[in-house]
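So the chains spell out like this:
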Amino acid sequence: MSAKVYKARTLKGAQARVHQLQKICDAMEKRLQRYRAERHGLAMLAADGPCFDNPLIVYEWRNVRDQILLKECRLTPDGKAVA
C-alpha cells in the first residue's frame, strides 16, 4: 500500500508542508550526528590502546555505553539481563 501523494491547494499550504518537512529532516540529521558521535566514541572506548587523554571523558563514554546496553539490550554493564 503506497502513501497518499501530498497535493498543495494553496501556496501557504505548500510552504507549511515544506517547513514541516525541513523540521523532520533537521531532526533526522541531529539523530544521525548523535549516532555517529556515539559510534566513534564507543570505538575509541573499545580500542586496545589508550585513545583518551582525559579520564573524565573515559568515564563519560562508559556511562554512554552502559545506557545503550540498558536501553537497547536490557543488559547491565557486567552482562546480566535486566528483569
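These figures come from a predicted structure and were not determined experimentally.

Caption draft 1: Summary view of the overall build of the protein. If you tally the helices and strands in the protein, you get two helices and zero strands. Its C-alpha radius of gyration of 21 Å places the protein more than 25% over the 12 Å reference for a compact globule of 83 residues. The principal-axis extent of the C-alpha atoms belonging to the protein is close to 60 × 35 × 20 Å. A buried classification covers 8% of the 83 residues belonging to the protein. Sequence-distant contacts in the protein: of pairs separated by 6 or more residues, those separated by 24 or more amount to 12%. Looking at the protein as shown, the accessible area adds up to about 7800 Å², and 57% of this sits on carbon and sulfur atoms.

Caption draft 2: Broad picture of the nonpolar core. In terms of nonpolar packing, the biggest core is built from five residues, these being Leu45, Phe52, Val58, Trp61 and Val64. Looking at which element gives the most residues to this core, the answer is helix H2 (residues 55-73), with three residues. In this structure Val58 touches Leu45 and Phe52, once residues within four positions along its chain are discounted.

Caption draft 3: Local environment of the pattern of salt bridges. Summed over the entire model, instances satisfying the criterion amount to three salt bridges. When the shortest N-O distance is used, the salt bridge between Asp66 and Arg65 registers 3.4 Å.

Caption draft 4: Region of the structure containing a nonpolar patch on the surface. On the surface, Leu21, Ile24 and Met28 cluster together into a nonpolar patch covering about 270 Å² of accessible area. Since its relative accessible area comes to 46%, Met28 is described here as partly exposed.

Caption draft 5: Focus on unusual backbone geometry. Even without being glycine, Arg74 reaches a positive phi, approximately 55°. The residue Arg74 is located in the segment after H2 in this model. Its relative accessible area of 45% is what places Arg74 among the partly exposed residues.

Rules and cut-offs
Residues numbered from 1 in each chain as written. Predicted model: local features only at pLDDT ≥ 70, side-chain atom pairs only at ≥ 80, totals over all residues. Heavy atoms only, no water. Helix = DSSP H or I, 4+ residues; strand = E, 2+ residues; numbered from the N terminus. Rg over C-alpha atoms; globule rule 2.2 N^0.38 Å. Buried < 20%, exposed > 50% of the residue type's maximum accessible area, 1.4 Å probe, protein only. Contact = heavy atoms within 4.5 Å. Areas by Shrake-Rupley, 256 points an atom, 1.4 Å probe, with all protein chains shown as cover. Core = buried A, V, L, I, M, F, W, Y, C linked by side-chain atoms within 4.5 Å. Salt bridge = Lys/Arg side-chain N within 4 Å of Asp/Glu carboxyl O. Patch = residues over 30% accessible without salt bridge, like charges linked within 9 Å, V, L, I, M, F, W, Y side chains within 5 Å.

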